[in-house]
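Results of the structural survey
One letter stands for each residue in the lines below.
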Amino acid sequence: MSTGDGDGALAVLPVTGLPEVTEGAALGELIAAHAEPANGDVVVVSQKVVSKAEGRVRTLSSAIPGAEARKLAAVLGKDPALVEWILSESREVIRAEGSVLIVETHHGFVCANAGVDTSNLPDPHTVCLLPEDPDASARRIRAELQAASGRAPLAAIVADSFGRAWRLGQAEVAIGCAGIAPLDDWRGRADAGGRELEATLIAVADEAAAAADLVRDKASRVPAAIVRGLDRHVTRDDGPGAAALRRPRDEDLFR
């Protein structure tokens, strides 16, 4: 199968054999040592290992639940300490119904539990927070990858699982990226019939993140994958990052 630039074919390759990631790990160097990236590749890395490398794992019991956390925990059936960690990572609570807590994080993501997660951690009494600046994380991983592999340009995406408001199930999205145009704007261009497109804005970074998830699962211990064949979207500079994917609040029709 060809995956040359422009032929429309993609290959998605899991990066296997990575060790358990600990604080201070240089992820780009680790990935380059266990894979053979080619010029134009997009390297998708799970948020969990990025957070581990950046020291974003916390002891659950170190949170002291406040009044709001205790109130929400009682309504949602959640651990008050966990809710306190969620609130500490949030700028606004959007919904709290059933067992679901939807918030806007300090980054501007609207998601469940502010991305605070307890899965795939060595200590069951810990929680993992999102990276403080996922775009900066992607830029650092990209620089490490290019230096260690001698390949350029490469792109890096930090991916996390998000729910969809009108569909069941979760899909990976890009919460950080570097070296890839996160959006492919077709507005003003013509479709196959020559008609001008008015609203088509393709979330390329999100689609690459979702594609990478198809070669791994939550129990596979494969925290990274290479998406090959997206050369046309890979850039020499770091680009605007995944921040460009966030819908401005004044365009949000549901809040």
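What counts as what
Residues numbered from 1 in each chain as written. Predicted model: local features only at pLDDT ≥ 70, side-chain atom pairs only at ≥ 80, totals over all residues. Heavy atoms only, no water. Pairing = 2+ DSSP bridges. Helix = DSSP H or I, 4+ residues; strand = E, 2+ residues; numbered from the N terminus. Axes fitted to C-alpha atoms, helices over the stretch in contact; angles between N-to-C directions. Contact = heavy atoms within 4.5 Å. Parallel < 35°, antiparallel > 145°, perpendicular 65-115°, else oblique. Left-handed = near helix turned anticlockwise from the far one by under 90°. Nonpolar A, V, L, I, M, F, W, Y, C, P; charged D, E, K, R; others polar. Core = buried A, V, L, I, M, F, W, Y, C linked by side-chain atoms within 4.5 Å. Buried < 20%, exposed > 50% of the residue type's maximum accessible area, 1.4 Å probe, protein only. Arc of directions from axis to C-beta. Patch = residues over 30% accessible without salt bridge, like charges linked within 9 Å, V, L, I, M, F, W, Y side chains within 5 Å. Areas by Shrake-Rupley, 256 points an atom, 1.4 Å probe, with all protein chains shown as cover. Salt bridge = Lys/Arg side-chain N within 4 Å of Asp/Glu carboxyl O.

**Focus on the sheet that holds strand β4 (residues 90-97)**
Taking strand neighbours across the sheet as the criterion, the three strands line up as β4-β5-β6 in an open arrangement whose pairing is antiparallel. Edge positions in the sheet fall to β4 and β6 (110-112), since each of these pairs with one other strand and no more. The mean angle between the axes of side-by-side strands here comes to 25 degrees, regardless of whether they run parallel or antiparallel. Pairing between β4 and strand β5 (residues 100-105): six bridges, direction antiparallel. Of the residues in β5, the one forming a bridge with Glu-92 is Glu-104. Set on the sheet, helix α3 (residues 67-76) makes contact with β4 and β5; between it and β4 the angle comes to about 25 degrees. The strands that helix α4 (residues 80-88) touches are β4 and β5; relative to β4, the one it contacts most, it runs at about 130 degrees.

**Overview of the packing of helix α1 (residues 27-34) against helix α5 (residues 134-149)**
Put simply, α1 and α5 touch, their axes get as near as 7 Å, and they point 40 degrees apart. Considering the angle they form, α1 stands oblique to α5. The handedness of the crossing between α1 and α5 is right-handed. Counted together, Leu-27, Gly-28, Glu-29, Ile-31 and Ala-32 of α1 and Ile-141, Glu-144, Leu-145, Ala-148 and Ser-149 of α5 form the full contact between these two elements. Here the residues of the contact of α1 with α5 are counted per class, giving six nonpolar, two polar and two charged.

**What about the nonpolar core?**
Among the nonpolar cores identified, the biggest contains 27 residues, and Val-15, Leu-27, Ile-31, Val-45, Ile-141, Leu-145 and Ile-175 are the most heavily contacted of them. Of all the secondary structure elements, the ones that give two or more residues to this core are α1, β2 (42-46), α2 (47-53), α5, β8 (155-164), β9 (167-178) and β12 (224-228). Discounting residues that sit within four places of it in the chain, Leu-145 has contacts with Gly-28, Ile-31, Ala-32, Val-43, Gly-150 and Leu-154.

**Some thoughts on the environment of Glu-97**
Mapped onto the elements of the fold, Glu-97 is located in strand β4. Residue Glu-97 is classed as exposed on the basis of its relative accessible area of 54%. The spacing of Glu-97 and Ala-33 is 64 residues in sequence and 45 Å in space, taken between C-alpha atoms.

**Observations regarding the sheet that holds β9**
Taken in spatial order, the five strands make up an open sheet running β1-β12-β2-β8-β9, and their pairing is mixed. In this open sheet, the two edge strands, each paired with only one partner strand, are β1 (11-15) and β9. Here the strands of the sheet are splayed against their neighbours by 30 degrees on average, with no regard to which way each runs. Each of β2, β8 and β9 is contacted by α5, which is oriented at about 60 degrees to β9, the strand it contacts most.

**Comments concerning the environment of Ser-51**
By the secondary structure assignment, Ser-51 is in helix α2. Measuring from C-alpha to C-alpha, the distance between Ser-51 and Leu-72 comes to 26 Å, with 21 residues separating the pair along the chain. Aside from chain neighbours lying at most four places away, what touches Ser-51 is Arg-56, Val-57, Cys-128, Leu-129, Leu-130 and Pro-131.

**A closer look at helix α6 (residues 204-213)**
Among the residues of α6, Val-204, Ala-205, Ala-208, Ala-209, Ala-211 and Ala-212 are the ones counted as buried. End-on view of α6: buried residues confined to an arc of 160 degrees, all on one side of the axis.

**Examining a nonpolar patch on the surface**
Together, Trp-166, Leu-253 and Phe-254 make up a nonpolar patch on the protein surface, roughly 480 Å² of accessible area in all. Considering the arrangement of structural elements, one finds Phe-254 in the segment after β12. A relative accessible area of 57% means that Phe-254 is categorised as exposed.

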